[in-house]
Amino acid sequence: MGGFLGADTDQLIGAGETMEQRGVRLEEIGEALSAAIARASWTGPDRDRFCESFEASVLPLIREASVRLGTGARALYRHAAQQDLASSADGSIDSARYAELLEGESWSDIINWAQDAWEKTPFDDPMTIEDLGGRYVDSPEGAGFDPADVDLSAEAIGSQVMRQGTLGDCWFLAGLMAAAQSDPEFLARNITLREDGTWDVTLYEDGEPVTVTVSPDELVRDGARVDNDGSGNFWDDDEIGYMSIYEQAAINHLGPDYESVIADTPQAGLELITGAGANGSDILGGQPSAEDLHRALETGAPITVMTDPIMPFRGDLASAHVYQVQSVDPETEEVVLVNPWGDGAGKPHLVTVPMDFFYGNNIVMTGVGAPPEDWG
C-alpha cells in the first residue's frame, strides 16, 4: 500500500489557528453589539424587552459559539500532537511546538486527552444519562435495588473484579483497583451509607478531603460494576459495587457533565482517591525500572500506567488505556497489568509484559502513588 496515511500536522495547526481567531473575533462582535445596544438612545418597554431578549438569548449563543470554536481549535492541536507522536520513530516529539498552542497544558494532558476523542468531538452535545443506558434503578436488573445490599466491606472491595462500563474513566477506575489492592479498608472507610439511602464518599482535592454525596438514582446502567460472570459489558449478573459509587462520586465532584471524567493521567486518579501525592513520569524520560516498581509495590504503593495513545505494539494492550500494575517480578523483569474492562472483554484481563518491551510504544505514562500510611 502506497501513499500517506494520517494527517498533515501543519494543516491541522493552520485550521486550528483559523478557528481560534474566528472564535476570538466572534466574542469581540458579541461584546461590541452589547455595548452598542447599551448606548442606543432608545427608551420604553420595547427597548427593555429587546435588551432582555438579546442578553438572555442572543448573546449567550454568540459566546457559546466562540467557546466551541476555541475548543475545536485546541482539539485540532491535540490531534496534531498525537499524529506527530504516532509518526515519531523514537516515541518523542517537539513538545515545545505545542506548549504555546495549548497554553501550558502538560505533556501528560496532550497524550491522555483522546481517551475516546475519535468517537466524540467538542462539537457534540453533552452526554446524558440516556446515553449511558438510563438509570440503573430503572433497568431490569436494578428493579427493587436496595442500597443496603451493596457490600462495602474491605473484604468485598479487596476481592471484587472491576468491569469498567461505557465511560472512558479508566484513569480513575484503574486507580481504584490499585488502591483496593493496597488498602481496601481505606476505601471502605471512605464510603458511608446514610440513613436516607444515599452514600457519602470521601475524595481529595489538592490533598484535602471532600465529601461527595451519591444517590442511587444517579447510578447509570452502563456504568462501572462488579464483574461477576466474566462476560464483558453485559449487565444481567453484574451488581453494584464500591466502584459504581466511587465512579458517580467522581462525576459529581468533577462534573456535573459525564465528560468531566473522560481521560486524565494515571497519577490524577491516584491523588483523587488517596489524597496523597503521586509521582508521574512519561515518555519524555524518568520512567521507573522494574526494580523501582517492585520496591514501590512492596511498600503498598498503588501503581497505574497508560498505554500508547495511538496503537501499542502489543496486540493484547488497548490503546490510550490505563491499567493497574498488579505485580512485578524483579528477577524476570515481567510486569503484570490488570485491565479495568474486566474479564471476558475485548482485551485480556491480565497482561504480562516483559520490561524489555514495557515502555516506548507500549507504556507511555506511569503513576506511582504514596504508600497507604500517607493516605488521607
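Reading guide: rules and limits
- Residues numbered from 1 in each chain as written.
- Predicted model: local features only at pLDDT ≥ 70, side-chain atom pairs only at ≥ 80, totals over all residues.
- Heavy atoms only, no water.
- Phe/Tyr/Trp six-rings, centres within 6.5 Å; stacked < 30°, edge-to-face > 60°.
- Helix = DSSP H or I, 4+ residues; strand = E, 2+ residues; numbered from the N terminus.
- Patch = residues over 30% accessible without salt bridge, like charges linked within 9 Å, V, L, I, M, F, W, Y side chains within 5 Å.
- Areas by Shrake-Rupley, 256 points an atom, 1.4 Å probe, with all protein chains shown as cover.
- Salt bridge = Lys/Arg side-chain N within 4 Å of Asp/Glu carboxyl O.
- Lys, Arg positive; Asp, Glu negative; His and termini not counted.
- Charge placed at Lys NZ, Arg CZ, Asp CG, Glu CD.
- Buried < 20%, exposed > 50% of the residue type's maximum accessible area, 1.4 Å probe, protein only.
- Axes fitted to C-alpha atoms, helices over the stretch in contact; angles between N-to-C directions.
- Parallel < 35°, antiparallel > 145°, perpendicular 65-115°, else oblique.
- Left-handed = near helix turned anticlockwise from the far one by under 90°.
- Contact = heavy atoms within 4.5 Å.
- Nonpolar A, V, L, I, M, F, W, Y, C, P; charged D, E, K, R; others polar.
- Pairing = 2+ DSSP bridges.

(A) Spotlight on the packing of aromatic side chains. Tallied over the full model, the rule gives eight aromatic pairs. Seen from their ring centres, Phe145 and Trp199 are 6.4 Å apart, and the 50° between their planes marks the pair as tilted. Here Phe145 is found in the loop between α4 (107-112) and α5 (154-159), whereas its partner Trp199 is found in strand β3 (residues 199-205), with 54 residues between them in sequence. Through successive ring pairs, a cluster of aromatic residues spans Tyr136, Phe145 and Trp199.

(B) View of a negative patch on the surface. Together, Asp151, Glu155, Glu185 and Glu239 line one region of the surface with negative charge. Take Glu239: it is sitting in the loop between β5 (225-226) and α8 (242-254). Its relative accessible area of 39% is what places Glu239 among the partly exposed residues.

(C) Focus on the pattern of salt bridges. A full pass over the atoms with the stated rule returns twelve salt bridges. Here Asp46 and Arg49 are joined by a salt bridge, their closest N and O atoms 2.3 Å apart. Of the two residues, Asp46 and Arg49 both sit in helix α2 (residues 45-87), three residues apart, roughly one turn of that helix. By relative accessible area, which is 46% here, Asp46 ends up partly exposed. Three or more residues are tied together by salt bridges with common partners; here these are Arg135, Asp138 and Asp217.

(D) Layout of the packing of helix α6 (residues 170-182) against helix α9 (residues 266-274). Look at α6 against α9: their axes get within 8 Å of each other, and the N-to-C directions meet at 55°. As the angle between them shows, α6 and α9 are arranged oblique. For α6 against α9, the interelement crossing comes out right-handed. Where α6 abuts α9, its residues Trp171, Phe172, Gly175, Leu176, Ala178 and Ala179 lie against Ala268, Gly269, Leu270, Leu272 and Ile273. Its residues placed into classes, the contact of α6 with α9 shows nine nonpolar, two polar and no charged.

(E) Summary view of the sheet that holds strand β6 (residues 279-282). The six strands are arranged β6-β11-β7-β8-β9-β10 in an open sheet whose pairing can be described as antiparallel. The open sheet is flanked by β6 and β10 (350-354), the only strands paired with a single partner. Strand-to-strand twist across the sheet, computed as the mean angle between neighbouring axes with direction ignored, equals 30°. Sheet analysis places strand β9 (residues 334-338) next to β10, joined by five bridges and oriented antiparallel. Residue pairing across strands places Val338 opposite Leu350, the latter belonging to β10. α9 contacts β6, β7 (303-307), β8 (322-329) and β11 (363-368) of the sheet and is inclined by roughly 20° relative to β11.

The quantities given are spatial measurements derived from coordinates; they are silent on function.
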